[in-house]
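Summary of structural features
Chain residues, written in single-letter form:
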Amino acid sequence: MKNFIERWKNKGDEKSDSQTFWIEFLQDVLGIENSGEVIKFEKRVRSGHVNFIDGYITSTQTLIEQKSFDVNLDAKIKHGGSYLTPFEQAVKYYGSLPHFENPRWIIICNFQEFRIYDMNRWNEKNYMPEIIKLENLEKEWRKFLFMIDPSASSPKDIHEEEISIKAGELARKLRNSLEKRYNNPKSRESQQSLTVICVRIVFLLYAEDTELSGGGRKFQKGSFHDYLLKHKDSSRRALIDLFAVLSQKIEERDPYLDSDLADFPYVNGGLFDKVNIEIPQIDGEPLEIILHEMSESFDWSRINPTIFGAIFESILDGGDEKENSVRREGGMHYTSIENIHKVIDPLFLNNLKTDLDKILKSKSTQRTKKLIEFQKNLGKLKFLDPACGSGNFLTETYLSLRRLENQILTELTKQQINFATGDLSPIEIKISQFFGIEINDFAVAVAKTALWIAEAQMWNETKGIVQVLDDVLPLENYGNIIEANALTLDWQTLIKPGELDFIMGNPPFVGQSVRTKEQSDDMALIWGKGEIETKLDYVICWYKKAIDFMNDTKIKAAFVSTNSICQGESVPTFWKKMIDDGAVINFAYKPFVWTSEAVERAAVHCVIVGFSIFESNDSKFIFDENGKTEATHINPYLYDAPDIWITNRINKPRNGLPKMTTGSPPTDDGGLLMTADEKFQLEAKYPILAKYIRPFIGAREFLHDKVGEFSRYCLWFKDGNPSDYAKIPEIKERLQKVKAIREHSNADRIKKMADFPSLFCQIRQPDSTYLVIPRVSSENRRYIPIGFISPEIIASDACIIIPDVSIYEFAILSSNVHMAWVKLISGRLKSDIRYSPAVYNNFPWPSPSEKQREKIESTAKKILDVREKFPGSSLADLYDPLTMPEELLKAHKANDAAVCE
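1. A few points about the packing of helix H16 (residues 392-414) against helix H17 (residues 441-463)
Packed helices, taken two at a time, are described by the angle their axes make and the gap between the axes. Where H16 meets H17, the closest approach of the two axes is 10 Å, and the angle between their N-to-C directions is 15°. Relative to H17, H16 is oriented roughly parallel. Between H16 and H17 lies a crossing whose hand is right-handed. Judged by residue contacts, Leu394, Thr395, Tyr398, Leu399, Arg402, Arg403, Asn406 and Leu409 of H16 engage Ala450, Leu451, Ala454, Glu455, Met458, Trp459, Glu461 and Thr462 from H17. Residues belonging to the contact of H16 with H17 are distributed by class as follows: nine nonpolar, three polar and four charged.

2. Focus: the side chain of glutamate 428
Inspection of the secondary structure puts glutamate 428 in the loop between H16 and strand S12 (434-438). Given a relative accessible area of 17%, glutamate 428 falls into the buried group. Those residues in contact with glutamate 428 that lie beyond four places of it in its chain are Gln375, Lys376, Gly379, Glu405 and Gln433.

3. Looking at the sheet that holds strand S22 (residues 693-697)
Read from one edge of the open sheet, four strands run S21-S23-S22-S27, paired in mixed fashion. Single-partner strands in this sheet number two, and they are strand S21 (673-675) and strand S27 (794-795). Relative to strand S23 (residues 712-715), S22 runs antiparallel, the two being bridged by three bridges. Paired with proline 695 across the two strands is tyrosine 713, which belongs to S23.

4. What about the packing of helix H14 (residues 337-361) against H16?
Two elements in contact, H14 and H16, have axes whose closest approach is 10 Å; the angle formed by their N-to-C orientations is 20°. Judged on the interaxial angle alone, H16 and H14 are roughly parallel. Remark: the crossing between H14 and H16 carries right-handed chirality. In this structure, H14 uses Ile337, Ile340, His341, Val343, Ile344, Phe348, Leu349, Leu352, Lys353, Leu356 and Leu360 to contact H16, whose residues at the interface are Asn392, Phe393, Glu396, Thr397, Ser400, Leu401, Leu404, Gln407, Ile408 and Glu411. Considered class by class, the residues forming the contact of H14 with H16 number 13 nonpolar, five polar and three charged.

5. Here's the deal with the packing of aromatic side chains
The tally for this structure, following the rule as stated, stands at 46 aromatic pairs. Taking the centre distance of 5.6 Å and the plane angle of 45° together, the rings of phenylalanine 243 and phenylalanine 272 count as tilted. Taken together, the residues span a long stretch of sequence, with phenylalanine 243 in helix H9 (residues 235-246) and phenylalanine 272 in the loop between helix H10 (259-262) and helix H11 (285-296) at a distance of 29 residues. This pair shows no difference in class: phenylalanine 243 is buried, exactly as phenylalanine 272 is. Each member of the aromatic cluster is reached from another via a ring pair, and the members are Phe4, Trp8, Phe21, Trp22, Phe25, Phe111, Phe114 and Phe144. If you follow lysine 11 out to its NZ or CZ, it ends over the ring of tryptophan 8, 5.9 Å from the centre.

6. Let's talk about the confidence of the model for the chain
Taken as a whole, the chain shows an average pLDDT of 87; of its residues, 92% reach a score of 70 or greater. By mean pLDDT, the top-scoring element of the chain is strand S11 (residues 383-385) (98), and the lowest-scoring one is helix H13 (residues 326-330) (40). Counting contacts from residues 317-333, a segment whose pLDDT is below 50, to residues more than four positions away or on other chains yields 42 contacts. Here residues 597-602 scores under 50 on pLDDT; set against residues more than four positions off or in separate chains, the count is 24 contacts.

7. Let's talk about the nonpolar core
Counting residues in hydrophobic clusters, the biggest one holds 150 residues, and the most contacted among them are Phe203, Trp300, Trp491, Ile503 and Trp575. Per-element accounting of this core gives the leading share, twelve residues, to helix H7 (residues 188-210).

Definitions and limits used
- Residues numbered from 1 in each chain as written.
- Predicted model: local features only at pLDDT ≥ 70, side-chain atom pairs only at ≥ 80, totals over all residues.
- Heavy atoms only, no water.
- Axes fitted to C-alpha atoms, helices over the stretch in contact; angles between N-to-C directions.
- Helix = DSSP H or I, 4+ residues; strand = E, 2+ residues; numbered from the N terminus.
- Parallel < 35°, antiparallel > 145°, perpendicular 65-115°, else oblique.
- Left-handed = near helix turned anticlockwise from the far one by under 90°.
- Contact = heavy atoms within 4.5 Å.
- Nonpolar A, V, L, I, M, F, W, Y, C, P; charged D, E, K, R; others polar.
- Buried < 20%, exposed > 50% of the residue type's maximum accessible area, 1.4 Å probe, protein only.
- Pairing = 2+ DSSP bridges.
- Phe/Tyr/Trp six-rings, centres within 6.5 Å; stacked < 30°, edge-to-face > 60°.
- Lys NZ or Arg CZ within 6 Å of the ring centre and 35° of its normal.
- pLDDT = per-residue confidence, 0-100.
- Core = buried A, V, L, I, M, F, W, Y, C linked by side-chain atoms within 4.5 Å.

Encoded structure:
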C-alpha cells in the first residue's frame with residue numbers, strides 16, 4: 001500500500017492514468033487479484049447525448065468519476081452545455097442509468113483525494129461525503145471495503161465506529177477516575193450512583209454539542225463545559241444543583257434561580273429524576289477529563305448511538321482486563337451495525353423497504369394517501385428485545401425506521417403536504433414503540449440514553465425536511481426498557497402478545513460448564529430440573545420463552561445464537577420440541593464469525609435463526625458466505641431439507657458395530673499427569689515407577705505429537721501394588737492433590753472417587769488395540785485424522801475411542817462419505833468439528849459385498865502404509881490442507897472411491 005501511495009503522489013491524468021490507477025488500487029489496497037474483471041471502464045450512458053462513466057463496479061453498484069490530480073473537486077467544470085461539479089456530473093449519470101443499475105455509491109477522485117457518497121443518504125440535511133486523502137490510505141483503507149463486499153460496513157459507519165470507540169474510551173476513563181473518589185467504591189450503592197453520573201454527563205456533553213432545545217431554552221455550544229468551569233472550585237455542589245434543575249419544569253423552578261442554572265432547558269425523561277445518588281468530589285482529575293478531554297477536545301454530535309451504547313457499556317469492567325467482566329459472566333456479546341442488520345433486515349426491514357419502494361414507484365392517484373397510511377403503520381409497530389443489553393438492536397431499529405419515515409416525509413413535502421395545520425403528524429415513530437428487558441441496571445441506563453440520543457439525532461435530520469417540528473426536549477418519559485431477569489419475568493407484564501410485532505436480539509450464550517448457579521436455576525425453571533435441555537446452551541431459554549409468548553399471534557422473531565444450537569444433540573432435543581410447539585424457521589444465517597465494537601471484541605461462531613409459529617408468506621432464505629439462497633423449508637440444521645431428528649443412539653450403534661465411547665478422564669488437577677521431563681526425573685529417582693508411567697494422549701497429543709514420541713504421560717496404578725509407590729513422597733503429594741480436587745467437586749460420582757485418588761476418575765481404557773478419533777478437529781481438514789493406538793497408551797476423554805474395531809471400520813470412518821455426514825450433523829467448537837458417539841451411532845453404514853469389503857480394507861491399509869513413510873511428521877502435519885503429502889491424498893481418494901462403489 002505504501003508503494004501505491006508513493007507511486008501516485010502529486011500526479012495522475014484523467015485520460016491516460018485512470019484505468020491503471022483503479023486496477024492498482026483494487027490490487028494493492030483492497031487485495032483483489034483479478035481486479036480487471038471486477039471493474040468496468042468507460043461504461044456507456046445516455047444523458048442527453050452519449051457519455052462514458054469512468055468506472056463502474058456492478059457487484060456493489062459503485063460509480064467512479066475520475067478527474068486529474070490538479071482538478072478542484074468543488075469547482076464547476078463545463079460538461080456538455082452545463083457547468084457541473086464532478087459530483088453533479090456523476091449524479092447526472094445516476095439519473096440516466098436503468099433503475100437496477102442506479103449506483104449505491106459514487107466515488108469522486110482526483111488521484112490525491114477520494115470523496116465517497118452514499119446515495120441512500122446524500123439528500124439528508126447537512127450530508128457530507130466521506131473524504132479520504134491519498135496520504136491517509138494506510139489507516140483509512142477499510143472505508144473502501146464496500147467496493148468489493150456488499151455486506152461491508154459503510155464508510156460512514158466505519159467513521160462513526162472510530163469516533164464512538166473513542167467516546168467509549170473517554171467514558172471509561174471518566175468512570176475509572178470517578179470511582180477512585182468514592183469512600184466505598186465497590187459497594188452496590190456507589191456503583192449504581194457511578195452509573196447514573198456517567199450516563200448523565202455523557203448526555204450533557206451530547207446535548208451541548210448538538211444544542212438540544214426545549215421550552216424556550218436550549219443547550220448552547222459549550223454551556224455544560226462553561227458552567228462547570230465557572231464553578232470548578234465547587235464542582236460537586238454545582239453538579240448536584242444542575243442535576244436538580246434539569247429535572248424541574250421551567251414553571252416549577254425557583255424564580256430567583258441564578259441565570260447560569262435557569263438558562264438550562266428542562267430535560268425530564270427520567271434521566272435526572274433520581275436525586276438520592278451519591279456524588280463524590282468532582283474536582284481534580286475527573287473535572288479535567290470532563291472539561292478538556294471530553295468537552296473541548298471531542299465532538300459528541302458525531303457519535304453513532306447504536307455503536308456507542310455497546311462501547312459505553314464496556315466501562316462496566318472498569319478497565320481491569322484481568323478480572324472476569326460482568327459481560328463475560330452474563331454471556332453477552334456485543335454487536336456491530338453490520339451484524340445487527342443481519343437480524344433486522346430479513347426479519348422486517350427488507351419487507352418495509354420493498355413496500356415503500358413500491359409506493360414510491362407507483363403512478364396511482366392514491367400514492368400520497370398510501371404514503372401517509374404507510375407512515376402511520378410504521379408508528380404502530382412494536383419491537384421487543386428480551387436481552388437488550390445496551391439497546392443496540394432497539395437503537396439501530398429506531399434509526400432505520402426513522403430514516404424510512406424521512407424518505408416518506410421528503411416525498412410528502414414534494415406533494416405540498418402541509419404539516420403546519422396539525423392534521424398530520426410529522427413524526428409517527430416514537431421510542432415508546434421499543435421494549436427491552438435487561439438484567440443489568442447499568443445496561444438499562446445506557447440503552448435508554450442511546451435511544452434518547454438517537455431520537456435527538458433523527459429529530460435534527462427531520463427538521464431539515466419538515467420545518468414545523470417542536471423541540472426535542474423534554475425527553476419522553478417511558479418505562480419500556482426495564483431491569484429484570486427475562487427468564488423469570490412474565491413478558492406480558494411489559495407488553496401483551498397481541499400488541500407486539502417483532503422479537504429480536506442477541507441473548508447470552510453460556511455453556512453448561514461455565515454457567516453460574518443463577519443461570520443453572522434459570523435453565524431448570526424453563527426446562528425442568530434434570531431435563532436434557534439443561535445440558536445445552538443457556539441461549540435456548542430465550543427461544544422457549546419467545547415461542548410460548550408468541551402462541552396464537554403473528555409475531556416474528558430472530559435471535560443471534562451460538563452455532564451449537566443447530567448442531568449435534570441440540571437438534572433432536574431442543575429443536576424437536578420447538579417444532580412440535582409450532583415453530584417455523586423463516587430465515588437463517590449459517591455459522592459465521594460474529595464480531596463486535598466493544599473493548600473486548602467478541603469473536604464467536606454464531607447462527608441467526610428467524611422464526612415464527614405460523615407459516616409466513618414471505619420467501620425463506622438461507623444466508624452463508626456465498627450470499628443468500630431461497631429455500632422451500634429450513635430445517636434446524638439450517639439446510640433446505642425436511643426435518644430429520646438424528647437422535648443420540650448411545651450404546652446402540654447400527655448393525656452391531658463396536659461401541660464408541662470417550663477415553664478415561666483423570667479429574668486430577670494435574671496430580672496424575674506429567675510432562676516427559678517429569679517422567680524421566682521420577683523414573684531416574686524411583687525406577688520401580690517405570691511400569692506405572694504410561695504415555696497419555698488427548699486430542700492435542702494425538703494430532704500433534706510425532707509418531708512414537710509423547711509429550712505427556714500419566715500415572716496408571718490400575719491393578720498396581722501399593723507397596724511399590726505408597727511411601728514415595730512425590731507420589732503421596734500428587735495423590736493428595738487428586739483427593740482434594742475431587743472432594744470439592746459438586747458431582748457425586750467425582751466425590752466418591754476421592755476415596756481412590758490413585759485411579760482415574762473413570763476407567764474406559766481398552767485392553768487391546770483401539771481406534772482414536774479426536775473429539776475436536778479443524779474444519780479446514782479434508783478428513784478427520786484417525787488412527788489405531790496400542791492399549792498401553794492411555795487415552796483421555798478428549799478422545800473418542802472404539803475398541804475391538806477392524807480396518808474396515810477405519811476405512812469407512814476415514815472416507816469422504818463419512819466426512820459429509822460429520823459436517824452435516826456434528827456439533828462444533830467455534831467452527832471446528834466436534835465429534836460425538838451420536839455421529840457414529842447414527843451413520844448409515846454401507847453393506848458391501850465380500851469382494852467390495854476386501855477392496856475397501858486394501859485401500860485403508862494403503863493409507864496407513866503411506867503414513868508410515870513420514871515418521872517425523874505428526875497427524876496434524878499430514879492432514880493440513882497446505883502440507884498434506886500428494887501420496888496420502890491419493891490413498892484417501894482411492895479409499896473414497898472404494899467406499900462409494
